[in-house]
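Architecture at a glance
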Amino acid sequence: AQSVTQLGSHVSVSEGALVLLRCNYSSSVPPYLFWYVQYPNQGLQLLLKYTSAATLVKGINGFEAEFKKSETSFHLTKPSAHMSDAAEYFCAVSVDNNDMRFGAGTRLTVKP
Amino acid sequence: DAGVIQSPRHEVTEMGQEVTLRCKPISGHDYLFWYRQTMMRGLELLIYFNNNVPIDDSGMPEDRFSAKMPNASFSTLKIQPSEPRDSAVYFCASRRGFGYTFGSGTRLTVV
């Protein structure tokens, strides 16, 4: 079955610094990959998705992620962190767009 | 669109009581999912429906859990009897195409 591993349960960056959240996937067939963001007491919101088109995917709020098959990775980046980016981020994988498996999440803290 | 609507937002109940969680998906979405989120286990898929038909309920933890989708605009997740270990945030999500839209969740506390 497919799965994802998020490296680092907590990441702290300064405002204006690069954000890098790591995700590695495992799948026996070409996967669909997603990043979601969760703010306190809210549901998950889709940031971006990879569905086998372009390997560099741009999402909302200035985030992007690159699908690297050779590294089985789908890391999330943002060039310059903003205070409003503080939240929990989840990587997810699916092979049929139904049985979506989520990572454990990475809590991003942005320091002023 | 109002998004995926879940009710109640918070539920506190005593062990042994029946609990019913409700979800209204986005109009036109043909898939509906129920997830449970806990600190220990993260996000777990419990069950999903396609066109109101349950497709995969292998994630439902026990027979105490049941889910129904009587029509395209309503689904329920029922726990009977509830136990303290059922305490979690339960999310409903719906989709048409890629990517899910999640509701705000129901925080269930069983005491």
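Scroll up a little and you will see the structure.
Attention here is on the structure that accompanies the text. (Residues numbered from 1 in each chain as written. Chains lettered and ligands numbered in written order. Predicted model: local features only at pLDDT ≥ 70, side-chain atom pairs only at ≥ 80, totals over all residues. Heavy atoms only, no water.)

**Re the side chain of Asn-98 of chain A**
- The topology assignment puts Asn-98 of chain A in the loop between strand S9 (87–94) and strand S10 (101–102).
- The contact partners of Asn-98 of chain A, leaving out residues within four places of it in the chain, are Tyr-31, Phe-33, Tyr-35, Leu-45, Tyr-48, Arg-95 and Tyr-100 of chain B. (Helix = DSSP H or I, 4+ residues; strand = E, 2+ residues; numbered from the N terminus. Contact = heavy atoms within 4.5 Å.)

**Remarks on the nonpolar core**
Residue and element names in this part refer to chain A.
- With 26 residues, the main nonpolar core has Trp-35, Leu-47, Leu-48, Phe-74, Leu-76 and Tyr-89 as its most contacted residues.
- Broken down by secondary-structure element, the contributors of at least two residues to this core are strand S2 (10–14), strand S3 (19–26), strand S4 (32–38), strand S5 (44–50), strand S7 (64–68), strand S8 (73–78), S9 and strand S11 (106–111).
- For Tyr-89, the contacting residues outside a window of four places in its chain are Gln-6, Leu-21, Trp-35, Tyr-36, Val-37, Leu-47, Phe-63, Leu-76, Gly-105, Thr-106 and Leu-108. (Core = buried A, V, L, I, M, F, W, Y, C linked by side-chain atoms within 4.5 Å. Buried < 20%, exposed > 50% of the residue type's maximum accessible area, 1.4 Å probe, protein only.)

**Digging into the packing of aromatic side chains**
- Applying the stated rule across the entire model yields 17 aromatic pairs over all chains.
- Aromatic side chains Tyr-35 of chain B and Phe-102 of chain B sit 5.8 Å apart centroid to centroid with 45 degrees between the ring planes, which places their arrangement in the tilted category. With Tyr-35 of chain B in strand S4 (residues 31–38) and Phe-102 of chain B in strand S10 (residues 101–102), the pair connects residues that are 67 residues apart, well separated along the chain. Neither Tyr-35 of chain B nor Phe-102 of chain B differs from the other in exposure class; each is buried.
- Ring geometry for Phe-91 of chain B and Phe-102 of chain B: centres 6.2 Å apart, planes at 85 degrees, overall edge-to-face. On the criterion of sequence distance, the pair formed by Phe-91 of chain B in strand S9 (residues 88–95) and Phe-102 of chain B in strand S10 is long-range, its members being 11 residues apart. Across this residue pair, the class does not change: Phe-91 of chain B and Phe-102 of chain B are buried.
- A network of ring pairs unites the aromatic residues Phe-34, Tyr-36 and Phe-102 of chain A together with Tyr-31, Phe-33, Tyr-35, Tyr-48, Phe-91, Tyr-100 and Phe-102 of chain B as a single cluster.
- Over the face of the ring belonging to Tyr-31 of chain B we find Arg-95 of chain B, whose NZ or CZ atom lies 3.9 Å from the ring centre. (Phe/Tyr/Trp six-rings, centres within 6.5 Å; stacked < 30°, edge-to-face > 60°. Lys NZ or Arg CZ within 6 Å of the ring centre and 35° of its normal.)

**With respect to the pattern of salt bridges**
Residues and elements named next belong to chain B.
- In total, this model carries 13 salt bridges over all chains according to the counting rule given.
- Where Arg-64 meets Asp-86, a salt bridge forms, and the shortest distance between an N and an O atom there is 2.7 Å. In this pair, Arg-64 is assigned in the loop between strand S6 (53–56) and strand S7 (65–71) and Asp-86 in the loop between strand S8 (74–79) and S9, connecting sequence segments 22 residues apart. Comparing Arg-64 with Asp-86 shows no difference in burial state: the two are buried.
- In this structure, Arg-85 and Glu-83 form a salt bridge, with 2.6 Å as the shortest nitrogen-oxygen distance. (Salt bridge = Lys/Arg side-chain N within 4 Å of Asp/Glu carboxyl O.)

**So, the interface of chain B and chain A**
- The interface of chain B with chain A comprises 18 residues on the first partner and 18 residues on the second.
- A buried area of about 1500 Å², summed over both sides, lies between chain B and chain A, and 54% of it is on carbon and sulfur atoms.
- Inspection of the chain B/chain A interface yields six residue pairs in polar contact (both at pLDDT 80 or more).
- For the side of chain B that touches chain A, the secondary-structure elements that each account for two or more residues are S4, strand S5 (42–50) and S9 of chain B.
- Tallying contributions element by element places S4 of chain B first for the side of chain B that touches chain A, with four residues.
- Classifying every residue of the side of chain B that touches chain A by side-chain character gives 10 nonpolar, five polar and three charged. (Buried area = accessible area lost by both parts, 1.4 Å probe. Polar contact = N/O pair within 3.5 Å; in protein donor to acceptor, adjacent residues only side chain to side chain. Nonpolar A, V, L, I, M, F, W, Y, C, P; charged D, E, K, R; others polar.)

**Points about the environment of Arg-41 of chain B**
- Note that Arg-41 of chain B resides in the loop between S4 and S5.
- Within polar-contact distance, the side chain of Arg-41 of chain B engages the side chain of Glu-44 of chain B at 2.7 Å.

**Some points on the state of the cysteines**
- All chains considered together, the criterion is met by two disulfides over all chains.
- Paired through a disulfide, Cys-23 of chain A and Cys-91 of chain A show a sulfur-sulfur distance of 2.0 Å. When the S-S torsion is -65 degrees, as for the bridge of Cys-23 of chain A with Cys-91 of chain A, the disulfide is left-handed. With Cys-23 of chain A in strand S3 and Cys-91 of chain A in strand S9, the pair connects residues that are 68 residues apart, well separated along the chain. As far as the burial class goes, Cys-23 of chain A and Cys-91 of chain A line up, both buried.
- Cys-23 of chain B shares a disulfide with Cys-92 of chain B; S-S distance 1.9 Å. Across the S-S bond of Cys-23 of chain B and Cys-92 of chain B the torsion is about -65 degrees, and the bridge reads as left-handed. Of this pair, Cys-23 of chain B sits in strand S3 (residues 19–24) while Cys-92 of chain B sits in strand S9; the two residues are 69 residues apart in sequence, bridging distant segments of the chain. Across this residue pair, the class does not change: Cys-23 of chain B and Cys-92 of chain B are buried. (Disulfide = S-S within 2.5 Å.)

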